[in-house]
Amino acid sequence: MSDFYTYRNEVAGKKRKRSLMLALLIVLAAACAGVGWFWMQRDAQPAEGEAAAAEPVSTSESAEAESEAPVEAAAPAEPVSTGDGPARIVQAVDTAVWDTSTAVEQTIDTEYLNTDHRMVAVPMLGTVTPSYFDTVTFAGDSIASGLGIYDTGYKNAHYATYVSAGVQTFVNNVSVKNAVTGATETPMETIVASQPDYLYILVGTNNLVVQGSEESFIAYYERLIDMLREQLNPGVAFYIQSIPGVQEDVVQSKPGLDNARIATANDLLANMALRKGCYFVNVREVLTNPADGSQYDDYATKDGVHFNAAGYQAWADYLATHTVWNRRSQYLGQNPYYIYGA
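The text that follows walks through the structure, step by step, so that each part is easy to find. For clarity, every value in this text was computed on a predicted model and none was experimentally measured. All residue numbers refer to position in the chain's written sequence, counted from 1. Reporting of local features is limited, given that this is a predicted model, to residues whose pLDDT is at least 70; pairs of side-chain atoms are given and counted only at 80 or more, and all residues count toward the totals for whole chains, interfaces and linings. The basis for the side-chain values is all heavy atoms of the structure; hydrogens and waters are excluded.

1. Section: a nonpolar patch on the surface
Here is the rule we go by: Distance thresholds for patches are 9 Å for like charges and 5 Å for nonpolar side chains (Val, Leu, Ile, Met, Phe, Trp, Tyr), applied to residues having over 30% relative accessible area and no salt bridge. Computed with the Shrake-Rupley method and a 1.4 Å probe, the accessible areas treat only the protein chains shown as cover for residues. By convention in these notes, a salt bridge is any Lys or Arg side-chain nitrogen within 4 Å of a carboxyl oxygen on Asp or Glu. Secondary structure elements follow DSSP: runs of H or I no shorter than four residues count as helices, runs of E no shorter than two count as strands, and numbering proceeds from the N terminus. Exposure is judged per residue with a 1.4 Å probe applied to protein chains only, and the accessible area is read against the type maximum: over 50% gives exposed, under 20% gives buried, and values in between give partly exposed.
Together, Val35, Trp37, Phe38 and Trp39 make up a nonpolar patch on the protein surface, roughly 480 Å² of accessible area in all. Mapped onto the fold, Trp39 is located in helix H1 (residues 4-44). With relative accessibility at 45%, the residue Trp39 sits in the partly exposed group.

This is the structure in structure tokens:
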């Protein structure tokens, strides 16, 4: 009984025979085609004897024959070379179009105006170690100050957070009291002096309270980012934090703090972050009810605007799991995006 190897050799031998026969057939067909082409060319040429036997025709007779013969279509002109390059036998093609770099008219709107803030927020990644926040500066109002007031584990972070601060407080660089350190200072100088690797900004609740226009608010915010970029190191990463929601009854005493309006303001902030090259962190996701944007009762305080210790701890944990990957960052457990050789 034949084994597998014997059978395999038999099949291979048959394949070789078929390939050889096919090659021979191709060679034979090519040879036949060559012989046929040779005989066709030979029959088309007049015999030398016939050409010699033909009687010469006088010049006058030749001229009369030419005059009486019907006029034939002129043969196509031979391609003419100008000396600049090879002669063209097809219509010339203008190659200057693709070889030109010129500005073109914009045909689409590249502005980010109506993107849902939840769609552009930084996604969950690995959990960075607490040392990540040693080179973080938190800038904003009293809501942001809770990250430094409560024991969230980020005591080594820097804080430029101020009670009742709006975005104009930073742009105008007025002298205010730091809600975490208690020092009276000017916000821009405090931020620049900290020289952070990562800057987290949360401001806007007080702007919404006074019911100013959202366009003015965003314009001031963009100016703030420009001012900070002029004074901070080029490698600083900017994180724009979303404005958290409030309790449902807050809108009765503060009409500007309507959760639907807060959601609209966050959409504008997210679009601004895209335009300005910043990251958007949707902390509202962990602090508020997704149905209506109101604060979770377990995290709320009496004023319905700020958060309690549990709320700020949930906030701090959220920030630790929502960072943009950086090779300098240290992660709890395995690096989620470790690249060999990088």
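Moving on, there is more to tell.
2. Observations concerning the packing of aromatic side chains
To describe a pair of aromatic rings, one takes the distance between the centres and the angle between the planes. Here is the rule: Two rings belonging to Phe, Tyr or Trp (six-membered ring only in the last case) form a pair when the distance between their centres is within 6.5 Å. Interplanar angles under 30 degrees mark stacking, angles over 60 mark edge-to-face geometry, and anything in between is tilted.
Scanning the model with the defined rule gives 16 aromatic pairs in all. Through successive ring pairs, a cluster of aromatic residues spans Tyr132, Phe133, Phe138, Tyr154, Tyr159, Tyr198, Tyr200, Tyr239 and Tyr279.

3. Remarks on the sheet that holds strand E6 (residues 237-241)
Going by this rule: Two strands form a pair only when DSSP identifies at least two bridges running between them. A fitted line through C-alpha atoms serves as each axis, taken over the contacting stretch for helices, and the angle formed by two N-to-C directions is quoted from 0 to 180°. Between two residues, a contact is recorded if the distance between any of their heavy atoms is within 4.5 Å.
The strand order E2-E1-E5-E6-E7 describes an open sheet built from five strands, whose pairing is parallel. Each end of this open sheet is capped by a strand with a single partner; those strands are strand E2 (158-162) and strand E7 (279-281). On average, each strand axis in the sheet is tilted by 20° relative to the strand beside it, whichever way the strands run. Across four bridges, the pairing between strand E5 (residues 198-202) and E6 is parallel. Bridged to Leu199 within E6 is Phe238. In the packing of helix H6 (residues 187-194) onto the sheet, contacts are made with strand E1 (136-141), E2 and E5, and the angle to E2 comes to roughly 170°.

4. Some remarks on the packing of helix H4 (residues 142-149) against helix H12 (residues 309-320)
Stated formally: Orientation labels follow simple angle bins: below 35 degrees gives roughly parallel, above 145 gives roughly antiparallel, 65 to 115 gives roughly perpendicular, and whatever is left gives oblique. Residue polarity follows a fixed list, in which Ala, Val, Leu, Ile, Met, Phe, Trp, Tyr, Cys and Pro are nonpolar, Asp, Glu, Lys and Arg are charged, and the others, Gly among them, are polar.
As a packed pair, H4 and H12 sit with axes 9 Å apart at the nearest point and diverge in direction by 85°. Here H4 lies roughly perpendicular to H12, going by the angle between them. Seen from H4, the contacting residues are Ser142, Ile143, Ala144, Gly146 and Leu147; seen from H12, they are Tyr312, Trp315, Ala316 and Leu319. Its residues assigned to classes, the contact of H4 with H12 shows seven nonpolar, two polar and no charged.

5. Structural notes on the environment of Val283
The residue Val283 is located in the loop between E7 and helix H11 (284-287) in this model. Separated by 40 residues in the primary sequence, Val283 and Ile243 have C-alpha atoms spaced 7.8 Å apart.

6. Looking at a negative patch on the surface
For clarity, the threshold we go by: Residues counted as positive are Lys and Arg, residues counted as negative are Asp and Glu, and His and the chain ends are not counted. To locate a charge, the coordinates of NZ of Lys, CZ of Arg, CG of Asp or CD of Glu are taken.
Among the surface-exposed residues, Glu248, Asp249, Asp292, Asp297 and Asp298 lie close enough to one another that they form a single negatively charged patch. Among the structural elements, Asp292 can be located in the loop between H11 and H12.

Purely spatial values, then, with no claim about function.
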